[in-house]
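Below, each chain spelled out in residue letters.
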Amino acid sequence: MSSEDAPTTRPLPDVERVAPGAWRLEAAVATLPPFDTVNTYVIAHSGVAVVVDPGGERSEAADATRRTIALAGATLKAIVLTHTHADHLAGVDRLLEGERDVAVYAHPRELQRLDPAWRATGLAHGRRLTVGDEVVETVHTPGHSPGHIALWLSTQRLLLAGDLVAGAGSVWIGLPEGDVGEYLESLARAAALEPAVIAPGHGPVRHDGALVLHEARAHRLARERGVLAALRIGPLDLSAIRRALYPDLDAAIVDHAERSVLAHLRKLMRERRVMHVGTDERGPFDLAPGGGRD
Ligand SMILES: [Zn+2]
């Protein structure tokens, strides 16, 4: 889907107040189904604003973001990217137009993928940004991508989660960037913060933070059990495992599904529960000795 045929039926972008000094704006983007929008967040306190994930590339998205900052009586000081997938940064250039002192931040593991003209700065785990009288803390949450970060506003118990979780459905964890083991650790790291509100990169804001994180973990572990169950009948190649998990897939997303199965297999091989018995990356794969076949 190009930005030109993006759905125009709903009034885009919408603005929703998430917490005192925090707003969500929804913009149309081309991204993986079931999503067709991305959430951009504006955090503004004491005249200072930070924008998180300006993913909408249309001018309307940048206009709405600027309007929100102006209504908050603030000046844009920084743009923070939870990660560097195109649907989270397509609007950066438009927001930087005419600005002089706006810093761009992303995790050090993703900086090399950004436009050098942005002169982006690394934001490592634990690093704090001050936004007026609010403090935004960086939480490294790899899994969806190696340098994925979430942003924690402890006074609001609000977690800006990027693609760590979605407001509805699940996020994609697939090769080459995805890592299921790291992803599960990241969910635990986020859960330890005990967020009340989770503001995700796609889908609605959730006010049941613990449940969202628990569901994401349960979903991933159920998928892992599905991979192991498929292999219980004998060695299978990647396509066969994928068909066992998702029998009726739209051809357009078969590749994505297979790369997500590979991410599970990689974790299981690292844990020596599955072994690769083939000649290329498509397998076949088999349960490791003692891995569960009777
Ligand atoms: Zn992403």
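Residues numbered from 1 in each chain as written. Predicted model: local features only at pLDDT ≥ 70, side-chain atom pairs only at ≥ 80, totals over all residues. Heavy atoms only, no water.

### Overview of the environment of P176
Considering the arrangement of structural elements, one finds P176 in the loop between strand 11 (158–162) and helix 3 (180–192). Judged by its relative accessible area of 67%, P176 falls in the exposed class. In sequence terms P176 and P146 are 30 residues apart; their C-alpha atoms lie 10.0 Å from each other. (Helix = DSSP H or I, 4+ residues; strand = E, 2+ residues; numbered from the N terminus. Buried < 20%, exposed > 50% of the residue type's maximum accessible area, 1.4 Å probe, protein only.)

### Quick word on the coordination of the zinc ion
At this site the zinc ion is bound by H83 (NE2), H85 (ND1), H144 (NE2) and D163 (OD), with donor distances of 2.1 to 2.5 Å. One chain supplies every donor to the zinc ion, and in sequence these donors are spaced H-x1-H-x58-H-x18-D. Residue H83 is classed as buried on the basis of its relative accessible area, which comes to 0%. (Donors = N, O, S within 2.8 Å, 3.2 Å for Na, K, Ca; no water.)

### Some thoughts on the pairing of strand 3 (residues 37–45)
Strand 3 sits mainly inside the fold: 9 of its 9 residues count as buried. In strand 3, alternate side chains face the same way, and those of T37, N39, Y41, I43 and H45 on one face and V38, T40, V42 and A44 on the other are all buried. Across 7 bridges, strand 2 (residues 22–28) lies against strand 3 in antiparallel orientation. Across the sheet, A28 pairs through a bridge with T37, a residue of strand 3. Where strand 3 and strand 4 (residues 48–52) come together, 5 bridges link them in antiparallel fashion. Within strand 4, the residue paired with I43 across the bridge is V50. Hairpin connection, strand 3 to strand 4: the antiparallel pair is bridged by 2 residues, and S46 has positive phi, about 50°. (Pairing = 2+ DSSP bridges.)

### Quick word on the sheet that holds strand 9 (residues 134–140)
Here 5 strands make up an open sheet; going across it, the order is 8-9-10-11-12 and the pairing mixed. In this open sheet, the two strands that pair with only one neighbour each are strand 8 (128–131) and strand 12 (197–200). In this sheet, neighbouring strand axes are inclined to one another by 25° on average, regardless of whether the strands run parallel or antiparallel. Across 4 bridges, the pairing between strand 9 and strand 10 (residues 149–153) is antiparallel. Within strand 10, the residue paired with V139 across the bridge is A150. (Axes fitted to C-alpha atoms, helices over the stretch in contact; angles between N-to-C directions.)

### Examining the sheet that holds strand 3
An order of 1-2-3-4-5-6-7 is seen for the 7 strands of this open sheet, with the pairing classed as mixed. Edge positions in the sheet fall to strand 1 (15–19) and strand 7 (121–122), since each has one partner strand and no second. Relative to strand 5 (residues 75–80), strand 4 is paired through 5 bridges, and the arrangement is parallel. Within strand 5, the residue paired with V50 across the bridge is A78. The strands that helix 1 (residues 59–71) touches are strand 1, strand 2, strand 3, strand 4 and strand 5; relative to strand 2, the one it contacts most, it runs at about 170°. (Contact = heavy atoms within 4.5 Å.)

### Thoughts on the domain arrangement of the chain
Per the domain assignment, the segments making up the chain are domain 1 (3–221) and domain 2 (232–287). Measuring from the centre of the C-alpha atoms in domain 1 to the corresponding centre in domain 2 gives 31 Å. Taken residue by residue, the interface counts 13 residues in domain 1 and 10 residues in domain 2. Between domain 1 and domain 2 the total buried area reaches about 1000 Å² when both faces are included, carbon and sulfur atoms providing 67% of it. It is W172, L175 and V180 in domain 1 that bury the most area against domain 2; as a group they hold 53% of the surface buried on that side. Counting across the domain 1 and domain 2 interface gives 1 salt bridge. Along the contact surface separating domain 1 from domain 2 lie 3 residue pairs in polar contact (both at pLDDT 80 or more). By residue number, the principal contributor to the side of domain 1 that touches domain 2 is helix 3, which donates 3 residues. Its residues placed into classes, the side of domain 1 that touches domain 2 shows 8 nonpolar, 3 polar and 2 charged. (Domains from an automatic or database assignment. Buried area = accessible area lost by both parts, 1.4 Å probe. Salt bridge = Lys/Arg side-chain N within 4 Å of Asp/Glu carboxyl O. Polar contact = N/O pair within 3.5 Å; in protein donor to acceptor, adjacent residues only side chain to side chain. Nonpolar A, V, L, I, M, F, W, Y, C, P; charged D, E, K, R; others polar.)

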